[in-house]
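Read off the chains here:
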Amino acid sequence: MAASARPGPGVGELVLLEKLLGLPKGNKYGVQGERKVPVLQTNNGPGLTGLMTIAAHLVKQAKKDQLLGCTAEEKAVVQQWLEYRVTHVDGGSSKEDTRIILKDLNVYLEDKVYLAGNIFTLADILMYYGLHHVMVDLTVQEKEKYLNVSRWFNHIQHYPVTPVPCYDVCL
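In this text the structure is predicted, and so the values were computed from the model without any measurement. (Residues numbered from 1 in each chain as written. Predicted model: local features only at pLDDT ≥ 70, side-chain atom pairs only at ≥ 80, totals over all residues. Heavy atoms only, no water.)

Examining the sheet that holds strand β2 (residues 37–41)
The three strands lie next to each other as β1-β2-β3, forming an open sheet whose pairing is antiparallel. On the outer flanks of this sheet lie β1 (28–32) and β3 (48–49), each paired with one strand and no other. Sheet topology note: the β1/β2 ladder contains five bridges and is antiparallel. If you follow Val31 over to β2, its bridge partner there is Pro38. (Pairing = 2+ DSSP bridges. Helix = DSSP H or I, 4+ residues; strand = E, 2+ residues; numbered from the N terminus.)

Some words on the packing of helix α3 (residues 72–89) against helix α5 (residues 122–137)
Where α3 meets α5, the closest approach of the two axes is 8 Å, and the angle between their N-to-C directions is 15°. Put simply, α3 runs roughly parallel to α5. In the packing of α3 onto α5, the handedness of the crossing is left-handed. Contacts between α3 and α5 involve Val78, Trp81, Leu82, Tyr84, Arg85 and Val89 on the former and, on the latter, Leu122, Ala123, Leu126, Met127, Tyr129, Gly130 and Leu131. A class-by-class count of the residues in the contact of α3 with α5 yields 11 nonpolar, one polar and one charged. (Axes fitted to C-alpha atoms, helices over the stretch in contact; angles between N-to-C directions. Parallel < 35°, antiparallel > 145°, perpendicular 65-115°, else oblique. Left-handed = near helix turned anticlockwise from the far one by under 90°. Contact = heavy atoms within 4.5 Å. Nonpolar A, V, L, I, M, F, W, Y, C, P; charged D, E, K, R; others polar.)

Digging into the confidence of the model for the protein
Mean pLDDT over the protein: 85, with 88% of residues reaching 70 or higher. Across the protein, the secondary-structure element scoring lowest on mean pLDDT is β1, at 88, and the one scoring highest is helix α7 (residues 147–157), at 95. Below pLDDT 50 for its whole length, residues 1–8 participates in 22 contacts with residues either more than four positions away or in separate chains. Counted against residues more than four places away or in other chains, residues 162–171, with its pLDDT under 50, gives 32 contacts. (pLDDT = per-residue confidence, 0-100.)

With respect to the nonpolar core
Core analysis: the largest hydrophobic core is formed by 47 residues, its most contacted members being Leu21, Leu122, Met127 and Trp152. The set of elements that each furnish at least two residues to this core consists of α1 (11–21), α2 (51–61), α3, α4 (95–108), α5 and α7. A per-element tally of this core places α5 first, with 10 residues. (Core = buried A, V, L, I, M, F, W, Y, C linked by side-chain atoms within 4.5 Å. Buried < 20%, exposed > 50% of the residue type's maximum accessible area, 1.4 Å probe, protein only.)

This is the structure in structure tokens:
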């Protein structure tokens, strides 16, 4: 399993998210710092900083709040996975980090369809985007080792509204 170094996550994923949400193009994005943290320039005040902050803003702008969870528990679980995405997936760069992420996620998804249980949320979308480069690099044997992650990834990849970056990953 190859852990590929990549530039800071963000602007490309936010553009895909805008498309998925049906928002008109035109948001002005930039990046700041060594980690290339995304920044959204707004007309109504200071810019918004950070992938999760901007993504949640776009969801609200599109009036698709259900993607943030409906119940208090779902909202907390969505937030938990968004934080995991930033702290572990985006922060992990070694082969060992990637193995731990896949192992943790595989155990978690054992009895779940989506990260928040039975509902498709922003957590699924952004974890999908964040893990896409990892899943592309896995061998068939590695995908079998992480069967629950592979099942979830395949399900998200074929979800009717998930724009797949570049190409499908054969599972």
